[in-house]
Amino acid sequence: ELPPSEFMQVADSTWLVLSFVSNGREPPGCQATGVTKIARSVIAPLAEHHVSVLMLSTYQTDFVLVRERDLPVVIHTLAGEFDIYKEEGGEFVPVTCNDMSNGFLKPKPPASPTLHPVQSPQTRFCVLTVAPDTLPAIATMLIDVLFYSHSPPWDAAAGSQDLDSITFFSFSLIEGYISIVMDAETQKRFPSDLLLTSSTGELWRMVRIGGQPLGFDECGIVAQIAEPLAAADISAYYISTFNFDHALVPEEGIAEVIQLLQQRQESGR
């Protein structure tokens, strides 16, 4: 419905959403542990089969987006580990490899993925949710933060942002559930009684992947971050965006995360 505009860039792929649940649907409001819990069983196998993914962790659960044209490869890759269903008319219908075999081509083994640089700004972040019925009470502030605050100049060079701190705000509304990631200073602008977080109220630090926009054709970017964190059993949220990927880890674990990723970089050279 959006009119064409010289200010809007659209990726040429159509993406499908994979949602992962264990032993039935998880109860609403439970806080996810992000890529850690699906790194080995989902992200790594897809990377090995040269499937590019976008990752979206939310307060409630996690989603992996894959390109529509890659769906046959995705089904064949994951069918041995998961029961797979597709949504038709509001109902979930089982999918088998046979259903997706038409046009399936086993991909060639991918070349060694590029090891992208990682940067960790000093900014501290919060992962939050809001009850849908209280959203109108913060709507004006939300619009201001999303569209008017901290806007860089139009002529600012790409990647010129000072990475000692970083401007990052993520708002998602999925199936009625709201998930927000904002820095701790921005959180102070909102009514504290309307923003819900985990009982520990922990803060998160960010690792940003990529020294320049990553694009969508390369595979293995999520895997090269998620796998070492999963091996160390470190909880993480992972948010892919149009230009960069971002992993959020508990603040007290950031030193260990940086060390793990540096070791990964050195071993890959």
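Throughout this description, residue numbers start from 1 for each chain and increase along the sequence as written. At least 70 in pLDDT is required for a residue's local features to be given in this predicted model, at least 80 for side-chain atom pairs to be given and counted, and no such filter applies to totals for whole chains, interfaces and linings, which use all residues. Side-chain numbers come from the whole structure's heavy atoms, not from hydrogens or water.

- The protein carries the name Cytosolic arginine sensor for mTORC1 subunit 1 in an unreviewed UniProt entry, which gives Loxia curvirostra as its organism.
- UniProt positions are given in the numbering used here, feature names are shortened, and annotations may be inferred rather than shown by experiment. Word for word, the UniProt comment on the protein under Subunit (unreviewed entry) is "Forms homodimers and heterodimers with CASTOR2. Interacts with the GATOR2 complex which is composed of MIOS, SEC13, SEH1L, WDR24 and WDR59; the interaction is negatively regulated by arginine. Interacts with TM4SF5; the interaction is positively regulated by leucine and is negatively regulated by arginine."
- Quoted verbatim from the Subcellular location (unreviewed entry) field of the UniProt record, the comment on the protein reads "Cytoplasm, Cytosol".

**Looking at the overall build of the protein**
Here comes step 1: Numbering goes from the N terminus for both helices and strands, where a helix is a DSSP run of H or I of at least four residues and a strand is a run of E of at least two. Secondary structure assignment for the protein yields six helices and twelve strands.
Here comes step 2: To sort residues, take the accessible area from a 1.4 Å probe on protein chains only and compare it with the maximum for the residue type: under 20% means buried, over 50% means exposed, and anything in between is partly exposed. Considering the protein as a whole, with its 269 residues, one finds that 42% of them fall into the buried category.
Here comes step 3: Note on contacts: a residue pair is in contact if any heavy atoms of the two residues lie within 4.5 Å. Across the protein, every contact between residues at least 6 apart in sequence was considered, and the portion connecting residues at least 24 apart equals 77%.
Here comes step 4: Each accessible area is a Shrake-Rupley estimate made with a 1.4 Å probe; only the visible protein chains count as cover when residues are assessed. With an accessible surface of roughly 15400 Å², the protein has 52% of that area assigned to carbon and sulfur atoms.

**A closer look at the packing of aromatic side chains**
The description of an aromatic ring pair rests on the distance of the ring centres and on the angle between the ring planes.
Here comes step 1: Any two rings among Phe, Tyr and Trp, with Trp reduced to its six-membered ring, count as a pair given centres within 6.5 Å; such a pair is stacked if its planes are under 30 degrees apart, edge-to-face if over 60, and tilted if neither. In the structure shown here, the tally under the stated rule is three aromatic pairs.
Here comes step 2: An angle of 85° between the planes, with centres 4.9 Å apart, marks the rings of Trp-204 and Tyr-237 as edge-to-face. Note that Trp-204 is positioned in strand 10 (residues 204-209) and Tyr-237 in strand 11 (residues 237-240), a separation of 33 residues in sequence.
Here comes step 3: Among the residues examined, Tyr-237 registers a relative accessible area of 1% and is labelled buried.

**A closer look at the nonpolar core**
Here comes step 1: Residue types Ala, Val, Leu, Ile, Met, Phe, Trp, Tyr and Cys, when buried and joined through side-chain atoms within 4.5 Å, form a set referred to as a nonpolar core. In this structure, Leu-46, Val-64, Val-66, Leu-78, Leu-229 and Tyr-238 are the most contacted members of the largest nonpolar core, which totals 39 residues.
Here comes step 2: Elements represented by at least two residues in this core include exactly helix 1 (39-48), strand 2 (53-57), strand 3 (62-67), helix 2 (71-78), strand 10, helix 5 (221-231), strand 12 (245-250) and helix 6 (254-267).
Here comes step 3: Ranked by residue count, the leading element in this core is helix 5, at seven residues.

**Focus: the environment of Gln-122**
Here comes step 1: Among the secondary structure elements, Gln-122 is positioned in the loop between strand 6 (118-119) and strand 7 (124-128).
Here comes step 2: Put simply, Gln-122 and Val-207 are 85 residues apart on the chain and 9.9 Å apart in space, counted from C-alpha to C-alpha.

**Considering the side chain of His-246**
Here comes step 1: With respect to the helices, strands and loops of the structure, His-246 is situated in strand 12.
Here comes step 2: The residues touching His-246, leaving out its near neighbours within four places in the chain, are Phe-168, Met-206, Val-207, Arg-208, Ile-209, Tyr-237, Tyr-238, Ile-239 and Thr-241.

**Topic: a nonpolar patch on the surface**
Here comes step 1: Patch membership is restricted to residues that have no salt bridge and whose relative accessible area is over 30%. Joining uses 9 Å for like charges and 5 Å for the nonpolar side chains Val, Leu, Ile, Met, Phe, Trp and Tyr. Salt-bridge detection follows one rule: a side-chain nitrogen of Lys or Arg within 4 Å of a carboxyl oxygen of Asp or Glu. On the surface, Ile-143, Leu-146, Phe-147 and Tyr-148 cluster together into a nonpolar patch covering about 450 Å² of accessible area.
Here comes step 2: Mapped onto the secondary structure, Ile-143 falls in helix 3 (residues 135-147).
Here comes step 3: Accessibility expressed as a relative area gives 43% for Ile-143, which makes it partly exposed.

**Regarding helix 6**
Here comes step 1: Helix length check: helix 6, at 14 residues, gives a terminal C-alpha distance of 20 Å against a target of 20 Å (1.5 Å per residue), a fit within 8%.
Here comes step 2: Within helix 6, burial applies to Ile-254, Val-257, Leu-260, Leu-261 and Gln-265. Each buried residue of helix 6 lies within a common arc of 140° when the element is viewed along its axis, so the set occupies one face. For helix 6, exposure combined with an orientation more than 90 degrees from the buried face picks out Ala-255, Glu-266 and Ser-267.
Here comes step 3: On the buried face of helix 6, the contacting elements are strand 6, strand 10, helix 5 and strand 12. A helix is expected to reach a length of 1.5 Å times the quantity of its residues less one. Starting at the helix axis, one direction is taken to each C-beta atom, and the arc is that of these directions.

**Things to note about the packing of helix 5 against helix 6**
Here comes step 1: The axes are straight lines fitted to the C-alpha atoms, using for helices just the contacting stretch, and the angles between their N-to-C directions are given from 0 to 180°. Running from N to C, helix 5 and helix 6 cross one another at 125°; their axes reach a closest spacing of 10 Å. Here helix 6 runs oblique to helix 5, going by the angle between their axes. The interaxial crossing formed by helix 5 with helix 6 has right-handed handedness. Counted together, Gln-224, Ile-225, Glu-227, Pro-228 and Leu-229 of helix 5 and Val-257, Leu-260, Leu-261 and Arg-264 of helix 6 form the full contact between these two elements.
Here comes step 2: Taken together, the residues of the contact of helix 5 with helix 6 break down into six nonpolar, one polar and two charged. These descriptions rest on fixed angle ranges, namely under 35 degrees for roughly parallel, over 145 for roughly antiparallel, 65 to 115 for roughly perpendicular, and the rest for oblique. Handedness of a crossing is defined here by the sense of rotation of the near helix relative to the far one, left-handed for an anticlockwise turn of less than a right angle and right-handed for a clockwise turn. As a working rule, the residues Ala, Val, Leu, Ile, Met, Phe, Trp, Tyr, Cys and Pro are called nonpolar, Asp, Glu, Lys and Arg charged, and the rest polar, with Gly in that last group.

**Observations regarding unusual backbone geometry**
Here comes step 1: If you check the backbone angles, His-50 has positive phi at about 60° while not being a glycine.
Here comes step 2: Examined against the element boundaries, His-50 turns out to sit in the loop between helix 1 and strand 2.
Here comes step 3: Exposure remark for His-50: the relative accessible area of 40% places this residue in the partly exposed category.
Here comes step 4: Located in the positive-phi region is Glu-175, a residue other than glycine, with phi close to 50°.
Here comes step 5: Tracing the chain through its elements places Glu-175 in the loop between strand 8 (170-174) and strand 9 (177-183).

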